[in-house]
Structures are given as structure tokens and as C-alpha cells.
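Summary of structural features
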Amino acid sequence: MFATRVLRAARGPKASITGFNMRAFKEAAGQPRYDPWEQAEAWRYTGTFSRWKRFNSTLPGLGIASVAFAGYCAYEHFFMEDEHHHGEEHH
């Protein structure tokens, strides 16, 4: 690390020449009581655009495909016979 960076970090944050402190201003302002854009932005988080709907529609056939594959694996395990019989010699 450069020596100048070390010296700047040791001094702390640089003071504003105007005396304006943005952090104190934001703390004093708090949350606005009325947001004029709140109603215009509400549609993004409700109905078909809610977080669950967006997550659910990313892979639309995954649930049905998983159940179908599990059913096929169970059918193959219990009802189909292995015809090859590897390792057994029949003369």
C-alpha cells in the first residue's frame, strides 16, 4: 500500500469546507410521510409480479417433470425385471 494512502487513512475522513454533514441531514429527514411515486411503483410487487410468482415462473415444468421422473423410477424399480443378469454364468 502506498504511504500516502496510509497517512490519509490515519487522519480520518476529510472535513467538508462548507460544514454540511450529509449523514446528519439524512438522519434528521427520516422517512417521507408521503411518497408520490408509491402508487406508481406498487404494481411491481403485487399480483403476477410478486416475488413468489416470479420465482415460480422461472422453471414452469420442473415440478411436473420431477414427479413424473420419480414415478418412472419407482415403476422401473418395482415392476421391470433385469434381463441381463451380469456376473451369472448359465450353461
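Let me begin by describing the structure that accompanies this report. (Residues numbered from 1 in each chain as written. Predicted model: local features only at pLDDT ≥ 70, side-chain atom pairs only at ≥ 80, totals over all residues. Heavy atoms only, no water.)

Focus on the packing of aromatic side chains
Our working rule: Stacked, edge-to-face and tilted labels apply to pairs of Phe, Tyr and Trp rings (six-membered ring for Trp) whose centres lie within 6.5 Å, assigned for plane angles under 30 degrees, over 60, and everything in between, in that order. Helix and strand labels come from DSSP, where a helix needs a run of H or I of at least four residues and a strand needs a run of E of at least two; each type is numbered from the N terminus.
Counting across every chain of the model gives 4 aromatic pairs. Centre to centre, the rings of W43 and F49 are 5.4 Å apart; their planes meet at 85 degrees, and the pair counts as edge-to-face. On the numbers, 5.6 Å between centres and 35 degrees between planes, the contact of Y75 with F79 is tilted. One end of the pair is Y75 and the other is F79, both in helix 5 (residues 62-79) and 4 residues apart, which spans about a single turn.

Looking at the environment of N21
Rules: When a residue's accessible area, from a 1.4 Å probe over protein chains only, is under 20% of the maximum for its type it is buried; when over 50% it is exposed; and in between it is partly exposed. Within 3.5 Å is the distance limit for a polar contact, defined as a pair of N or O atoms, with the added protein rule that one can donate a hydrogen and the other accept it, and that residues adjacent in sequence qualify only through two side-chain atoms.
As for its placement among the helices and strands, N21 is situated in the loop between helix 1 (3-11) and helix 2 (22-29). Assessed through its relative accessible area of 46%, N21 is described here as partly exposed. A distance of 3.2 Å separates the side chain of N21 from the backbone nitrogen of R23, its partner in a polar contact.

Focus on a nonpolar patch on the surface
For clarity, the cut-off: Patches draw on residues past 30% relative accessible area with no salt bridge. Two like charges within 9 Å are joined, as are two nonpolar side chains (Val, Leu, Ile, Met, Phe, Trp, Tyr) within 5 Å. Per-residue and other accessible areas follow the Shrake-Rupley method at a 1.4 Å probe size, with only the shown protein chains counted as cover for residues. Every case where a carboxyl oxygen of Asp or Glu lies within 4 Å of a side-chain nitrogen of Lys or Arg is listed as a salt bridge.
On the surface, F69, Y72, Y75, F78, F79 and M80 cluster together into a nonpolar patch covering about 760 Å² of accessible area. Its relative accessible area of 63% is what places F79 among the exposed residues.

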